[in-house]
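Below, each chain spelled out in residue letters.
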Amino acid sequence: MQIGPYRIDPPLVLAPMAGVTDKPFRLLCKRMGAGLAVSEMTHSDPRLWTSAKSLQRMDHAGEPAPVSVQIAGSDPRLLAAAARHNVEHGAQIIDINMGCPAKKVCNVWAGSALLQDEPLVARILGAVVAAVPVPVTLKIRTGWDHENINAVRIARIAEGAGIAALAVHGRTRADKYDGAAEYATIAAVKAAVRIPVIANGDIDGPHKARAVLDATGADALMIGRGAQGRPWIFGQIARYLADGVLLPEPEPAAVGEILRAHLCALHAFYGEDAGVRIARKHLGWYARDRAENTAFRHIINAATDAATQLRLTADYFARQGPRGTRAA
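Residues numbered from 1 in each chain as written. Predicted model: local features only at pLDDT ≥ 70, side-chain atom pairs only at ≥ 80, totals over all residues. Heavy atoms only, no water.

Engineer: I keep staring at the overall build of the protein chain and nothing clicks. Help me out?
Structural biologist: Counting secondary structure elements, the protein chain contains 13 helices and 10 strands. Here the protein chain has a C-alpha radius of gyration of 20 Å; the compact-globule value for 328 residues is 20 Å, and the two agree. Dimensions of the protein chain along its principal axes, counting C-alpha atoms only, are 65 × 45 × 35 Å. Of all 328 residues assigned to the protein chain, the portion counted as buried reaches 54%. Partitioning the intrachain contacts of the protein chain with sequence separation of at least 6 by distance along the chain shows that 68% fall at a separation of at least 24. Total accessible area on the protein chain stands at roughly 13,700 Å², and carbon and sulfur atoms take up 54% of it. Here the protein chain contributes 38 positively and 31 negatively charged side chains, and the mean placements of these two sets differ by 2 Å. (Helix = DSSP H or I, 4+ residues; strand = E, 2+ residues; numbered from the N terminus. Rg over C-alpha atoms; globule rule 2.2 N^0.38 Å. Buried < 20%, exposed > 50% of the residue type's maximum accessible area, 1.4 Å probe, protein only. Contact = heavy atoms within 4.5 Å. Areas by Shrake-Rupley, 256 points an atom, 1.4 Å probe, with all protein chains shown as cover. Lys, Arg positive; Asp, Glu negative; His and termini not counted. Charge placed at Lys NZ, Arg CZ, Asp CG, Glu CD.)

Okay, here's the thing in structure tokens:
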């Protein structure tokens, strides 16, 4: 898949997720096979750009190209300024958030709330595309609710405005993350426009990835929750799509090494105190499908320093032994 001058290969994209797709996680997923990793959303309000959280979100030092940064808001002028600001700080692709279903986002007429106002969508897209010399992409849902499915109309607006690629989550805003994603609307979007279309929603493994591509005809796949605690999913899907080979799940020892590197990156990026706290949710995701999940969560939540967190995590995975066994 091509986004402006950038070839996204493999055509697998880490979805932007608030509180998840920080720099350590983006780098990890890229190392493990993601062709593109989109940052957490950055607010368009310039008063927030100097906060500690925003400065961390805009830290792209050492991040391999292309660097994709998502912006959120509802004012075309402010979004254009936010796009320019992020390009000045290293963004090579700007992504606009019109897909977030969170109440606090929609209540300020941002995220997926914007799908209710197609003229405003057109003004936003036109302003941002005109503001920056880099490709601009867009992430949407299928519509506001099932009585208002308008993804095809939004896609045509996006294509007309010069959007370089479009990601579509196969749910409405009203669905949030409930039920199953539907892909017929994504297929209709793909048939309606010539720009690259990225299918998103419930992609949790190689077989599902193949099925979604077949159902939608999409140019690429976007993976969000399926990558939480399983960053190797990108490599597994890429291999299966390339030659039909199903790679096994990594052995516990390999997972432990991946996790150790992830923890060290979090501690270094956020500092020890914040890094230890932020790492807890990632540790929970890594362990959620394992037999001793509850006991492991209790242990890791008790760790208050980096050294203890690393030691307890290493001990846990060392006790697991090969897949399906537990060391004595």
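Here the narrative resumes, following the displayed structure.
Engineer: Sorry, what's going on with the layout of surface pockets here?
Structural biologist: Rolled over the atoms, a probe as big as a water molecule pinpoints where empty space is left. The computed volume of the largest pocket comes to approximately 1,200 Å³. Met17, Ala18, Gly19, Met41 and Cys100 are, among the 44 residues lining the largest pocket, the residues nearest its centre. Going through the elements one at a time, β4 (36–43), α2 (52–57), β5 (68–72), α4 (103–106), β7 (136–141), β10 (220–223) and α11 (272–287) are the ones with two or more residues in the lining of the largest pocket. Among the residues forming the lining of the largest pocket, the class breakdown is 19 nonpolar, 14 polar and 11 charged. (1 Å grid on protein atoms, 1.4 Å probe; cavity = no way out; pocket = protein on both sides within 12 Å on 5 of 7 lines; lining within 4 Å. Points joined across faces, edges and corners; volume = space filled by probe spheres on them. Nonpolar A, V, L, I, M, F, W, Y, C, P; charged D, E, K, R; others polar.)

Engineer: Help me out: how do you make sense of the pattern of salt bridges in this one?
Structural biologist: Opposite charge on two side chains permits pairing when their charged atoms draw close. As enumerated under the stated definition, the model contains 12 salt bridges in all. The shortest N-O distance in the salt bridge between Arg210 and Asp214 comes to 3.2 Å. Of this pair, Arg210 and Asp214 are both found in helix α8 (residues 206–216), 4 residues apart, which corresponds to roughly one turn of the helix. A salt bridge links Glu249 to Arg230, with the nearest nitrogen and oxygen atoms 3.0 Å apart. With a gap of 19 residues between them, Glu249 in the loop between α9 (233–243) and α10 (252–270) and Arg230 in the loop between β10 and α9 connect regions that are remote in the sequence. The exposure class assigned to Glu249 is partly exposed, which follows from its relative accessible area of 33%. Via salt bridges that share partners, Arg26, Lys30 and Glu63 belong to a single interconnected network. (Salt bridge = Lys/Arg side-chain N within 4 Å of Asp/Glu carboxyl O.)

Engineer: Sorry, what's going on with the packing of α8 against α9 here?
Structural biologist: The geometry of a pair of packed helices is captured by two quantities: the angle between their axes and the separation between those axes. Packing of α8 against α9 brings their axes to within 9 Å, and their N-to-C directions diverge by 55°. By the angle between their axes, α8 is oblique relative to α9. The element α8 and its partner α9 pack so that their crossing is right-handed. Residue-level contacts link Pro206, His207, Ala209, Arg210 and Leu213 of α8 to Gln236, Ile237, Tyr240 and Leu241 of α9. Grouping the constituent residues of the contact of α8 with α9 by class yields 6 nonpolar, 2 polar and 1 charged. (Axes fitted to C-alpha atoms, helices over the stretch in contact; angles between N-to-C directions. Parallel < 35°, antiparallel > 145°, perpendicular 65-115°, else oblique. Left-handed = near helix turned anticlockwise from the far one by under 90°.)

Engineer: What should I look at first to understand empty space enclosed by the protein in this one?
Structural biologist: Under the defined criterion, the tally for this structure stands at 1 cavity of 30 Å³ or more. Size it by volume and the largest cavity reaches roughly 80 Å³. If you go around the largest cavity, you meet 14 residues; those closest to its centre are Val38, Asp95, Thr137, Ile198 and Met222. Among the elements of the structure, β4, β6 (93–98), β7 and β8 (165–169) are those that each provide at least two residues to the lining of the largest cavity. Looking at which element gives the most residues to the lining of the largest cavity, the answer is β8, with 3 residues.

Shape descriptors only; they carry no functional weight alone.
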